[in-house]
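The primary structure of each chain is shown beneath.
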Amino acid sequence: MDLITTHINADFDGLASMIAARKLYPGAALVFAGAAERRLGEYLSADLRHLYDFKKLKELDLSAVRRLIVVDTRQPDRLDRVQECLLNPGLEIHLYDHHPDAPGDLRGTVEVVELLGSTAALFARLLQEGGISLTPDEATLMSIGIHEDTGSFLCAGTTPADLRAAAWLIEQGAKLDLVNHFVSRELSAEQVAHLSQLLKNSTVYTINAVAVTVSRLNLPHYADDFSALVRRMMVMENLDAVFALVGMDDRLYLICRSRIPEVNAGDVARAFGGGGHAAAASAVISDKTIFEAEEELLQLLYRCVRPKALAGEIMSSPVITVRPEVSLREASELLTRYNLTVLPVVRDNSERRRPKGLLGMISRRIAEKGIAHQLGSAPVSDYMSTELATLTESAGQAEIQELIIERRQRLAPVIREEDGEEFLCGVITRTDLLNLLAHDPARLPRSLLREEEHPSAERSRNISRLMVETLGREIILLLREIGETAQGMGMRAYAVGGFVRDLLLQTRNLDIDVVIEGDGILFAQAFAERRQGTVRTHEKFATATVILPDGQRVDVATARLEYYAEPAALPVVEKSSLKLDLFRRDFTVNAMAAHLNPDRFGLLADYFSSQNDLKERQLRVLHNLSFVEDPTRIFRAVRFEQRLDFRIARHAEKLIRSAVQMHPPEKFSGLRFFNEIKLLLSEDSPLPALRRLEGFGLFPLLWPDLRPNLKIDRRFVHLMTQAEKAIAWFRLLYLPEKDKQCECWTVRLLALFSRSRELELRRFCDRFEAPPRLRRLLLERKTKSEQIAAEMLRRPFLKPSETCRLLRELDNEGLLCLMVIARKKHIQQAVSRYVTSLRDIRPLISGQDLLELGLQPGPRFRPLLNQVIEAQLNGEISSREEAVELVRRVSCR
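One structure accompanies this document, and this report is about it.

## Regarding the environment of Gln 191
Right, so step 1: Mapped onto the secondary structure, Gln 191 falls in helix 8 (residues 189–200).
Right, so step 2: Gln 191 gets classed as buried once you look at its relative accessible area, which sits at 16%.
Right, so step 3: Here the alpha-carbon distance between Gln 191 and Ala 830, two residues 639 residues apart in the chain, equals 92 Å.

Structure (structure tokens):
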């Protein structure tokens, strides 16, 4: 059996194409895959339906279909139950369609697909070429199909073939009065009401400089021919693109119309499981409310609406460029001479109008800072920004805005490719973009609108709900009280740094850092008084720490900027604004703030596209001299990379290597570096971070006195693995809290120095200005653990009392260090037994028992009790009576 069908919700083009296909397949049965538009029922009189032998699906045995002819669609989901035929063995599929290719399209043995305004026009050509004539009714029906799908030849998808087909159909006797009746109909009172509601509920969105209208309407019952209302709305309001979401009879319909090439209605409808062509399409949406569908539709439109080409029109050309070997001083002179803020760096600029091979960009600020740091003779290639996004001449406004506004790239390079080689044909500056926006306010992105003009622009960045989901009630109340205190003092308070970063990562972090626009110390004193806490101030850095009665700490800083008088020096601090305060921070992911004042509580301040880097899990610096000015940031980068499972951006890696190469070893010294090493070794499993430091060439700078130079070899990995095992074992022990105190980072540091002499550790402590007490402890632990390891190696069969006498000299850190460096298993076992049982053994008798035995108090008591403990440890006595007897024997000697 041959079967002809079309898509569900069949329209006039689908019906006309089925009738035309019957002329090519005379014996085929006609069946609708699903419900058809009600207007088709008006057109199909009972006689006409009988004439063409329309079948109902329930009357057919679909397994008997041997040839399936599908018209006006190629999407299998739009065939409803007819899809069952697709499983028939040996089935031939013939496809006739005017829609563009789409994912999931059927493949046929015969495929006639032409991008025309209607499928009826395609059949008109086939019939004309085949010499097949039509009756006036058939010609009229096909004319209606063509007029409906082409908007009476006014839609953008209309082609000359549609007009030629219409002309031929008139020759075949098409009745234009009937065409006019079914294409242009007077609206009923109900339809006028629906149209009025559609207009009232419509919103115009400017997407990629294209105006798109979206409307929604909920109706209690099914209203036929709603697509005609959408088309009427489009004509009345002179709209380029309309998308209507209409809820009827518990079903949601999407009707799409467009008459411009930038908006493809078919692509949008197909994304919702529907179909159609560029000018007209529709879909039935299930499992979504009208509001959920509208949100998804808007997201889809922002992706699908093709921008109008603008880059080639507004770019500045020719471009002033420099080569990578040019010095920072020469680049600075060029920037000043031409009053520029940024210079593109290219491989070859011998032809000014065709500079080749864009490598990066160097900014005036970086050039001037580099000169101030005595780097004027360094090539720009060392400090240029290399992670650049570029545009083509056909790029639209959205792409330009993405680069300049969202990604805050100072300059958007425009690239042209010729003969396999890229040329820099122009650049677009912020000024170019602002001029474009200023001359057409409708183009302004929402992020540039003032809050009073577009209040949702700020609200959309509110993270207060995330705060509630991630933080406890007490912390939320604390943050609100901080904001209220600041507001009462005429100041503004912000949560900043890692607290905000971890909040966006939905990780609970109770280390609260607050920045105050105003006087941070004055605020801290007032807040401490309000909460009955204490405050410690640091006048030099305009910071303070508030310690609340429950032990919660709040670090407060005045919004400030920092500058470095020379590389690796301590920063000089000055008061500033929030934006400049965030700009001084180490990485973009740490340069966000959350408003705490009541009027804007929870609003996120992100000046540097930090959320993008957080989403991409990348660590980027805020300027190219970041690691030169403060090399400790290298350690923080490595630490954050491992802890947060981020990656250091490629450009940041390049800057780290440059900073390491330019700094002499003495620059990597001092207490600030010591603290960074301490923090890095405090991380869980710091071996990957140490490998990263070695990869950056930092080991010789950190440990230049080690002989041979420390490197990550098998012995190094073994020592660090032993340290992790020892620490993990210790943490799992069920010990009293007082016995579990351990600074694990010192165990790892001593493991690093276990292959070196005490002199190397002493020089390390001197170089990094370790605090005197810590220096003494490190040296003692290293010396004693090595001495005890040697003694226990020499005497493998020590009595328990002898083991205790040796190990009693070590604290927890020293004991773990001994486990790390021990070469024999019996030493580790001895340490384990000592920690878990032996060191807590108390004598079976006390000083009171000695008095009751008639012994006079004095210096003899301690040796006697020690002898009792030793006898207990060695298993010689196990009861109080045996202990008393031992004392009697010893005291009688």
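## So, helix 6 (residues 160–171)
Right, so step 1: Compared with the 16 Å implied by 1.5 Å per residue over 12 residues, the 17 Å span of helix 6 between its first and last C-alpha is a close match.
Right, so step 2: For helix 6, the complete set of buried residues consists of Ala 161, Asp 162, Ala 165, Ala 166, Trp 168 and Leu 169. Angularly, the buried residues of helix 6 cover 165° about the axis, an arc narrow enough to put them on a single face. Away from its buried face by more than 90 degrees, helix 6 exposes Pro 160, Arg 164 and Glu 171.

## Regarding the nonpolar core
Right, so step 1: The biggest cluster of nonpolar side chains holds 138 residues, and the ones touching the most others in it are Leu 479, Ile 482, Leu 690 and Phe 764.
Right, so step 2: Residues Ile 19, Val 112, Leu 127 and Val 183 belong to the second largest nonpolar core, which totals 40 residues.

## A short note on the environment of Gly 357
Right, so step 1: Mapped onto the elements, Gly 357 comes out in strand 14 (residues 356–363).
Right, so step 2: Separated by 12 residues in sequence, Gly 357 and Val 345 have C-alpha atoms that sit 8.6 Å apart.
Right, so step 3: The residues contacting Gly 357, other than those within four sequence positions of it, are Val 345, Val 346, Arg 347 and Glu 422.

## Remarks on the sheet that holds strand 25 (residues 592–595)
Right, so step 1: Here we have seven strands laid out as an open sheet, ordered 20-21-22-19-18-25-26, and mixed in their pairing. Both edges of this open sheet fall to strand 20 (534–538) and strand 26 (604–606), since each of them pairs with a single strand only. The mean inter-strand angle of the sheet, taken between neighbouring strand axes irrespective of direction, is 30°.
Right, so step 2: With five bridges joining them, strand 20 and strand 21 (residues 543–547) adopt antiparallel strand pairing. Across the sheet, the residue bridging to Val 535 is Val 546, located in strand 21.

## Digging into the pattern of salt bridges
Right, so step 1: Enumeration according to the criterion identifies 53 salt bridges in this entry.
Right, so step 2: The partner of Asp 101 in a salt bridge is Arg 74, and the shortest N-O contact between them spans 2.8 Å. In this pair, Asp 101 sits in the loop between strand 5 (92–97) and strand 6 (110–113) while Arg 74 sits in the loop between strand 4 (67–71) and strand 5, placing the two residues 27 residues apart along the sequence.
Right, so step 3: Of the residues examined, Asp 101 reaches a relative accessible area of 63% and is grouped as exposed.
Right, so step 4: Judged by its relative accessible area of 4%, Arg 74 is buried.

Conventions we followed
- Residues numbered from 1 in each chain as written.
- Predicted model: local features only at pLDDT ≥ 70, side-chain atom pairs only at ≥ 80, totals over all residues.
- Heavy atoms only, no water.
- Helix = DSSP H or I, 4+ residues; strand = E, 2+ residues; numbered from the N terminus.
- Buried < 20%, exposed > 50% of the residue type's maximum accessible area, 1.4 Å probe, protein only.
- Expected span 1.5 Å × (residues − 1).
- Arc of directions from axis to C-beta.
- Core = buried A, V, L, I, M, F, W, Y, C linked by side-chain atoms within 4.5 Å.
- Contact = heavy atoms within 4.5 Å.
- Pairing = 2+ DSSP bridges.
- Axes fitted to C-alpha atoms, helices over the stretch in contact; angles between N-to-C directions.
- Salt bridge = Lys/Arg side-chain N within 4 Å of Asp/Glu carboxyl O.

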